[in-house]
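Below, each chain spelled out in residue letters.
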Amino acid sequence: MESSNPHEFSTRALYAAVGLLSAAGLICQIGLMRVFSIAQWHHAAYMIISIALLGFGASGTVLSIVRPRLAGREAGAFRWCAAGAAIAFAASYAISQRVPFETIELLNQPRQFWLLLALYLLLAVPFFLVACCITIAFLLRPEAIGRVYGVNMAGSGAGALGCVALLYVLPPASLPVIAGGLAAIAWMLLGPPRGGRGWILPLAIIAPVLVWGALTPVRVSQYKGLAYALQLPDARIETRARSPLSEITAVSSAYLRETPGQLSNYPMSELGDLPPQIGLYFDAGPVSPVHRFDGDLDPFAYLDYVTGALPYRLVTRPRCLIVGPGGGGEVLGALAAGAAHVTAVETDPAVRDLLRGPLRDFSGAWIEHPDVTFVVAEGRGHLEATRDRFDLIVLPAAGSAASAAGGVLALNETYLYTTEALAGYLDRLTPGGVLALNVWIQTPPRQGIKLFATAVEACERAGFVDPDRHLAFVRSWNTGTIMISREPMGAERLAAVEQFCADRFFDPCYYPGMPPEAANRYTQLDEPYYYNAAQAILHGEREAFYRDYAYYVRPATDDRPYFFRFLRPARLAELMAQGPEAVPFVEWGYLALVATTLQSVLAGVVLILLPLLFLRRQTEGVAGRWAVFAYFASLGLAYMFLEIAFIQVFMRFLSYPIYAVSTVLSAFLVCSGAGSLWAGSLPPERRAQAVWCAVALIAALSVAYLIALPPLFHAAAGWPDVAKIPLCLILLAPLAAAMGVPFPAGLQGLATRAPALLPWAWATNGCLSVTGATLATLVAIHTGFRSVVVLALLLYLAAAASLRMLPGARA
């Protein structure tokens, strides 16, 4: 029913506005995650999740304080917040690209922490305004909180799905602008305020701000590879391509010469200079070169002078599989080395589009070479799905030497380098096949040692009786190659390893029967770290070595897929005390995550405790305020813990991170919304029972999934994505629906018995969700995702236990 109040609007318009604003919030959130992956590094994505949730928490805090003054003006406040969100989405993005924040300077420039805080507060504004709208909608329709929350969740889920489609055709920087446009539509759906005159001023501001946001480019960190490349005298951007996975910038320069490692003893005067290149910069960071190729493989003889050439000395005329070929250097090197056939498995479809499109002539269309099969897929997923076997499987070194040394990959989850993954690769080899793992060499040594340890444990997992007879490891000053032979290495292969190292001046780190004096001969370190580590891992006290080594070199697993995490937290204070000298040894991703977590905790304390000073009079005589805190805080942490854990679980199956994130978020949000709608329709006397049933179902399904999903996913590995995604949605639906029950059930009780506490409950849930987003990652890094799930279940039980003390729960 319409109200006579000119500021009032229909319930249908309210629901539509809430749905659009919720979709806008998710679209902006995912867009900013991609923007900051380009502008800074991958770990910035965690910051964006926290920022969005911080805005939600802050909205509850503010509305708790101003609620008495808001009485009777809720509809007008909703309008102004919707209009403000339309402006803030684009404006906050545009302003953020002018904040000179640099992750790598966090240690030696204290002002960077203040800049990080400024980014936090700035980017939280649009999410704050969206959350204000949702909280005000609760106040406008207290009898229908479950429906409002359900529409909110459904709109967010639709936004998550829509992002995937948008990222195929639009740059990430456009998503905050699209979010602003959706917010403007939501505002206009509420009807013309004051007879239409109230539209003039907001529209006069919204339109130019959206244009401003659309014209603002992403500010790329000066420390990223693209920024360096564009400083070359003749640097020129040839073309760009994008996909939901990355944005690729193709740069040409006569000075651009990228190699997959040190060229050792290369006779340039005899064999010639390297072929001209165009560098493909992925999200402005790691580079993969595209070489000029005219069908003649002779110019690629230089690739026989890197450590990655050794596997071709061990296997003659191999049928190869190369994971992550990028611009194609590894493929051309394999063909030049005599490979019979190469299957190149590239994750990013934008690479294929470039090589078949604007770079086709330059690259010589190697992608269509008769001895090459190009596949767009995630490498491990493809190997699990195919029944083919290969004589040689090659994993190029991940990232770049600079990113590896800088520790900016510390939070990158990768399932390519876990013990389970390597054991799976070994299963796809022919009896005499070889798995070659390339790695960047760091000082002090850590990445190469960790990969060797992973190789050893993968051999044991694969059932090799004597792993030491199957392994070899050689290095230059900046790269290393670890080889795992499916059969024990015989005299011929061992002789090939020794001769290759002698010819190329590479240092052997391990091979069966290697004498100690053969180590550390050419590129000399203070001591033979790699040889000593190999001996300790293979023949010494392995656990003691893992425990006592200065860096974390225990192998990554599918439960803890953080291969690039090496920092021990106990050393963080020691490193920070060293000041700028410690810059090369600090993992910036980990440090940024810790800083983000601390900031979210401090913000949460302020935002949760501050309203209590103002709520004292309004809630006088109302018991159970701390039960409200316990209930909604537990739910905020638990929901985020399960969401992040299951994103990782399903990422293994769906292979593509963007598919996993969008599928899991959509399922969680839409199905939680359905659960909320059901919970909101329950009579008061059945709410407590419904919450306990939901918690029991959450616990049962979570445990069942942890046990049953790995074999199920292995059996369905060969399914196409169009079948995998619906399967994931079906599997997640009951869990997500159950997770949607407790929150609106608690809110509905508060709306009945203690309405003044309703915004504070929303603030508590939002603030603890902020902490949960980053804390879940910290827990996963140190103890694994299974621990995250267990903690989530304990938190759900704690919430259910505090329900009986909640105001209105037993009404």
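None of these values were measured; they are calculated from a predicted model.

This paragraph deals with the sheet that holds strand β9 (residues 429-440). To summarise the sheet geometry, strands pair through backbone hydrogen bonds and adopt either a parallel or an antiparallel arrangement. Strand order in the open sheet formed by eight strands is β7-β6-β5-β8-β9-β11-β10-β12, and the pairing between neighbours is mixed. Each edge of the sheet is formed by a strand with only one pairing partner; in this case those strands are β7 (372-376) and β12 (507-510). Ignoring strand direction, the axes of neighbouring strands in this sheet form an average angle of 20°. Of the strand pairs in this sheet, strand β5 (residues 319-323) and strand β6 (residues 341-346) are connected by five bridges, and their pairing is parallel. Among the inter-strand pairings, V323 is bridged to a residue of β6, identified as V345. On top of the sheet, helix α16 (residues 419-427) reaches β8 (390-395), β9 and β11 (479-485); it is set at about 145° to β9, its chief contact.

Moving on, we come to the pattern of salt bridges. Throughout the structure, instances matching the rule amount to 19 salt bridges. Between D558 and R380 there is a salt bridge; the shortest N-O distance is 2.9 Å. Linking D558 in the loop between α20 (542-548) and α21 (572-577) with R380 in helix α14 (residues 379-385), this pair joins segments that are 178 residues apart in sequence. Judged by its relative accessible area of 5%, R380 falls in the buried class. R652 is paired through a salt bridge with D558; the nearest N and O atoms lie 3.6 Å apart.

This model, assessed by the stated rule, comprises 24 aromatic pairs. Relative to Y546, the ring of F545 has its centre 6.4 Å away and its plane inclined at 55°; by these criteria the two rings are tilted. The class for Y546 is buried, based on a relative accessible area of 2%. Between Y639 and F668, the ring centres sit 6.0 Å apart and the planes meet at 85°, which makes this aromatic pair edge-to-face. Here F668 lies in helix α24 (residues 657-680) and Y639 lies in helix α23 (residues 625-654), a separation of 29 residues in the sequence. On the basis of relative accessibility, which here comes to 0%, the residue F668 falls in the buried class. Connected via pairs of aromatic rings, a cluster forms that spans F646, F650, F653, Y705 and F713.

Looking now at the nonpolar core. In this structure, L21, F78, F138, F632, F650, F668 and Y796 are the most contacted members of the largest nonpolar core, which totals 170 residues. Examining the composition of this core, we find that 20 residues originate from one element, α23, more than from any other. With residues up to four places along the chain from it excluded, the contact list for F650 reads A660, V664, L709, F713, C728, L731 and L732. Formed by 57 residues, the second largest nonpolar core is a distinct cluster that contains F300, A334, L354 and M489.

Next up on the list: the confidence of the model for the protein. Model confidence for the protein is summarised by a mean pLDDT of 86, while 91% of its residues fall at 70 or above. Element-level mean pLDDT values for the protein span from 38 in helix α15 (residues 401-406) up to 97 in strand β10 (residues 471-475). Note on residues 1-7: pLDDT is under 50 here. Beyond four places in sequence and across chains, it has nine contacts. A low-confidence stretch, residues 400-411 stays under pLDDT 50, and its non-local contacts, those more than four residues away or across chains, total 38 contacts.

A few words now on the state of the cysteines. In a disulfide, the sulfur atoms of two cysteines are held together by a covalent bond. Under the counting rule described, the total for this entry stands at zero disulfides. Distance from the sulfur of C459, which forms no disulfide, to the nearest cysteine sulfur (C509) is 16 Å.

Taken in spatial order, the four strands of this open sheet run β1-β2-β3-β4, and their pairing is antiparallel. The open sheet terminates on both sides in strands that have one partner only, identified here as β1 (236-242) and β4 (287-291). This sheet shows a mean twist of 25° between the axes of neighbouring strands, independent of strand direction. Here five bridges tie strand β2 (residues 247-252) to strand β3 (residues 277-282), and the two strands are oriented antiparallel to one another. Across the sheet, the residue bridging to V251 is G279, located in β3.

To continue, consider the packing of α23 against helix α28 (residues 758-783). Interaxial distance between α23 and α28 falls to 7 Å at its minimum, and their mutual angle equals 35°. The hand of the α23/α28 crossing is right-handed. Across the interface between the two elements, R625, V628, F629, F632, A633, L635, G636, L637, M640, F641 and I644 from α23 touch W760, A761, T764, N765, L768, S769, T771, G772, A773, L775 and A776 from α28. Here the contact of α23 with α28 is built from residues that sort into 15 nonpolar, six polar and one charged.

What follows deals with the side chain of S769. With respect to the helices, strands and loops of the structure, S769 is situated in helix α28. Residue classification places S769 among the buried positions, given a relative accessible area of 6%. A polar contact of 3.5 Å, which involves the side chain of S769, links it to the backbone oxygen of G636. Discounting chain neighbours no more than four positions away, the residues touching S769 are L53, G636 and M640.

Further remarks concern a nonpolar patch on the surface. Nonpolar side chains collect at one region of the surface, where W692, V790, L791, L794 and L797 lie side by side and expose about 450 Å² of accessible area between them. For the nonpolar patch, the element with the highest residue contribution is helix α29 (residues 785-802), accounting for four residues. Tracing the backbone through its elements, the reader meets W692 in helix α25 (residues 687-715). On the basis of relative accessibility, which here comes to 42%, the residue W692 falls in the partly exposed class.

Attention now goes to α16. Where burial is concerned, most of α16 is hidden: seven out of the nine residues are buried. Three or more residues of α16 are buried, namely T419, E420, A421, L422, A423, Y425 and L426. In this structure, the buried residues of α16 make contact with α14, β8, β9, α17 (447-461) and β11.

This next bit is on helix α5 (residues 145-169). Taking 1.5 Å of rise per residue, the 25 residues of α5 would be expected to cover 36 Å, and the 37 Å separating its terminal C-alpha atoms lies within 8% of that figure. C163 marks the point of greatest bend in α5, at about 25°.

Quick look at the layout of surface pockets now. As a volume, the second largest pocket reaches approximately 820 Å³. Taken together, 31 residues line the second largest pocket, and the ones lying closest to its centre are R380, E420, D558, R652 and P710. Put simply, the parts of the chain that give the lining of the second largest pocket at least two residues each are α14, α16, α23, α25 and α29.

The next subject is the pairing of β6. Within β6, six of the six residues are buried, leaving the element largely enclosed by the surrounding structure. Handedness of the crossover joining β5 and β6 through helix α11 (residues 329-336): right-handed.

A few words now on unusual backbone geometry. Omega for the bond connecting T443 with P444 falls within 30 degrees of zero, at 0°, which places this linkage in the cis form. Topologically, P444 is positioned in the loop between β9 and α17. Backbone geometry at A284 places phi at a positive 65°, although glycine is not the residue there. Structurally, the position occupied by A284 is in the loop between β3 and β4. For A284, a relative accessible area of 3% corresponds to the buried category. Backbone geometry places N520, a non-glycine residue, at a positive phi of 60°. Relative to the helices and strands, N520 is located in the loop between β12 and α19 (529-539).

This part takes up the side chain of S634. For S634, the location among the structural elements is in helix α23. With a relative accessible area of 10%, S634 lands in the buried category. Within the structure, the side chain of S634 is placed 2.7 Å from the backbone oxygen of A630, a separation counted as a polar contact. Look past the residues within four positions of S634 in its chain and what remains in contact with it is F629, L795, A798 and A799.

Scoring rules and cut-offs
- Residues numbered from 1 in each chain as written.
- Predicted model: local features only at pLDDT ≥ 70, side-chain atom pairs only at ≥ 80, totals over all residues.
- Heavy atoms only, no water.
- Pairing = 2+ DSSP bridges.
- Helix = DSSP H or I, 4+ residues; strand = E, 2+ residues; numbered from the N terminus.
- Axes fitted to C-alpha atoms, helices over the stretch in contact; angles between N-to-C directions.
- Contact = heavy atoms within 4.5 Å.
- Salt bridge = Lys/Arg side-chain N within 4 Å of Asp/Glu carboxyl O.
- Buried < 20%, exposed > 50% of the residue type's maximum accessible area, 1.4 Å probe, protein only.
- Phe/Tyr/Trp six-rings, centres within 6.5 Å; stacked < 30°, edge-to-face > 60°.
- Core = buried A, V, L, I, M, F, W, Y, C linked by side-chain atoms within 4.5 Å.
- pLDDT = per-residue confidence, 0-100.
- Disulfide = S-S within 2.5 Å.
- Left-handed = near helix turned anticlockwise from the far one by under 90°.
- Nonpolar A, V, L, I, M, F, W, Y, C, P; charged D, E, K, R; others polar.
- Polar contact = N/O pair within 3.5 Å; in protein donor to acceptor, adjacent residues only side chain to side chain.
- Patch = residues over 30% accessible without salt bridge, like charges linked within 9 Å, V, L, I, M, F, W, Y side chains within 5 Å.
- Areas by Shrake-Rupley, 256 points an atom, 1.4 Å probe, with all protein chains shown as cover.
- Expected span 1.5 Å × (residues − 1).
- Bend = angle between axes of the 7 residues up to and from the residue.
- 1 Å grid on protein atoms, 1.4 Å probe; cavity = no way out; pocket = protein on both sides within 12 Å on 5 of 7 lines; lining within 4 Å.
- Points joined across faces, edges and corners; volume = space filled by probe spheres on them.
- Right-handed = clockwise from strand over helix to strand, strands pointing away.

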